[in-house]
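# Fold and contact review
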Amino acid sequence: MKSIFPFLILFSLAMKAISQENVTIPAMKSIELSYAEYGQYDVKLINNSGKPIAVAVIDPTTQRPVKSFGLGPVAFAVLSADKGQQIKLTNNSLKEIKMMLEFVEKKPDTYNPENAPVVNFTFHNSSLRSIPLIIPNVMNPNLSPLSNSGVSLKWGQEIYYRKGNEKILILTIDESIQNGDKIDVSKLIKDLK
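These figures come from a predicted structure and were not determined experimentally.

### Digging into the sheet that holds strand E11 (residues 142-143)
Spatially, E11-E10-E13-E14 is the arrangement adopted by the four strands of the open sheet, whose pairing is antiparallel. At either end of the open sheet lies a strand with only one pairing partner, and these are E11 and strand E14 (166-172). Of the strand pairs in this sheet, strand E13 (residues 158-163) and E14 are connected by six bridges, and their pairing is antiparallel. Each bridged residue has a counterpart across the sheet, and for tyrosine 160 the counterpart in E14 is leucine 169. With respect to the sheet, helix H2 (residues 185-192) is in contact with strand E10 (131-134), E11, E13 and E14, its orientation differing from that of E14 by roughly 115°.

Structure representation (structure tokens):
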């Protein structure tokens, strides 16, 4: 029994190493990541660099972003990419950024029926401060100041503003939001106050 124990430890470490990868983004550059695991697993991006990163999921046919957002200086986001898509990470700082990428189990879509319509629209942050959001089962983006982030969300999806340890519902996706709309998130938060 004692001889099996070290093998189990090595096996579990090897399994963990397969599901994680260290990623380095050179200063003032972008990298595009493509993996066979896209579509089977969600991708967790972990940034502890102290510098923000721009994240986009790129459609292989059009070479245009399907969704994009800013990942804060110390933040993580879980997102899905379909098979064949690429995840583009952009470092706009003067120093290289090291971050972690993990493949995690896909979460079941519990917030909305499978056949709910999807809306492609843009979150706009017109303020001079970052806005941390929580989009359950999708991602937890950090909207950079004076930025736009394209998203594709289903009707019924809830979006929360993270204020410290509190999360405040600011929007539920419904038929009032049309493809191509631009929603000013900072205005939604101001209207709540």
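### Notes on the packing of aromatic side chains
The tally for this structure, following the rule as stated, stands at four aromatic pairs. A ring pair is formed by tyrosine 35 and phenylalanine 103, whose centres lie 5.3 Å apart and whose planes are at 80°; its orientation type is edge-to-face. On the criterion of sequence distance, the pair formed by tyrosine 35 in the loop between strand E2 (29-33) and strand E3 (42-47) and phenylalanine 103 in strand E8 (residues 97-104) is long-range, its members being 68 residues apart. Using a relative accessible area of 19% as the deciding quantity, one classes tyrosine 35 as buried. By relative accessible area, which is 12% here, phenylalanine 103 ends up buried. Between tyrosine 38 and phenylalanine 103, the aromatic rings sit 6.4 Å apart at their centres with planes inclined by 50°, giving tilted as the arrangement. Pair noted here: tyrosine 38 is in the loop between E2 and E3 and phenylalanine 103 is in strand E8, with a separation of 65 residues, a long-range link. For the residue pair tyrosine 38 and phenylalanine 103, the accessibility class agrees, reading buried in each case. In textbook terms, an aromatic cluster arises when at least three aromatic residues are bridged by ring pairs, as seen for Tyr35, Tyr38 and Phe103. Sitting above the plane of the phenylalanine 76 ring, lysine 44 keeps its charged end 4.8 Å from the centroid.

### Notes on the sheet that holds strand E4 (residues 53-58)
One open sheet accounts for four strands, arranged E2-E7-E4-E5; its pairing is antiparallel. The sheet terminates laterally at E2 and strand E5 (65-71), the two strands that pair on one side only. The sheet shows a mean angle of 20° between the axes of neighbouring strands, direction not considered. Direction of pairing for E4 relative to strand E7 (residues 86-91): antiparallel, over a ladder of five bridges. Note that in E7 the partner of alanine 56 across the bridge is lysine 88.

### Examining the side chain of serine 127
In this structure, serine 127 sits in the loop between strand E9 (118-125) and E10. In terms of polar contacts, serine 127 uses its side chain to reach the side chain of asparagine 125, at 2.6 Å. Among the polar contacts listed, one links the side chain of serine 127 to the backbone oxygen of arginine 129, at a separation of 3.1 Å. Setting aside residues up to four positions removed in sequence, serine 127 forms contacts with Pro145, Leu146 and Ser186.

### Describing unusual backbone geometry
At methionine 28, a position not held by glycine, the phi torsion is positive, near 60°. Unlike most non-glycine residues, glutamine 63 shows phi in positive territory, near 60°. Locating glutamine 63 in the fold gives a position in the loop between E4 and E5.

### Section: the side chain of glutamine 85
Note that glutamine 85 resides in the loop between strand E6 (75-79) and E7. Reaching out from glutamine 85, the side chain makes a polar contact with the backbone nitrogen of aspartate 82 at a distance of 2.7 Å. Apart from the residues within four sequence positions on either side, glutamine 85 is in contact with Leu33, Ser34, Tyr38, Val57, Ile58, Pro60 and Val66.

Reading the values: the criteria
- Residues numbered from 1 in each chain as written.
- Predicted model: local features only at pLDDT ≥ 70, side-chain atom pairs only at ≥ 80, totals over all residues.
- Heavy atoms only, no water.
- Pairing = 2+ DSSP bridges.
- Helix = DSSP H or I, 4+ residues; strand = E, 2+ residues; numbered from the N terminus.
- Contact = heavy atoms within 4.5 Å.
- Axes fitted to C-alpha atoms, helices over the stretch in contact; angles between N-to-C directions.
- Phe/Tyr/Trp six-rings, centres within 6.5 Å; stacked < 30°, edge-to-face > 60°.
- Buried < 20%, exposed > 50% of the residue type's maximum accessible area, 1.4 Å probe, protein only.
- Lys NZ or Arg CZ within 6 Å of the ring centre and 35° of its normal.
- Polar contact = N/O pair within 3.5 Å; in protein donor to acceptor, adjacent residues only side chain to side chain.

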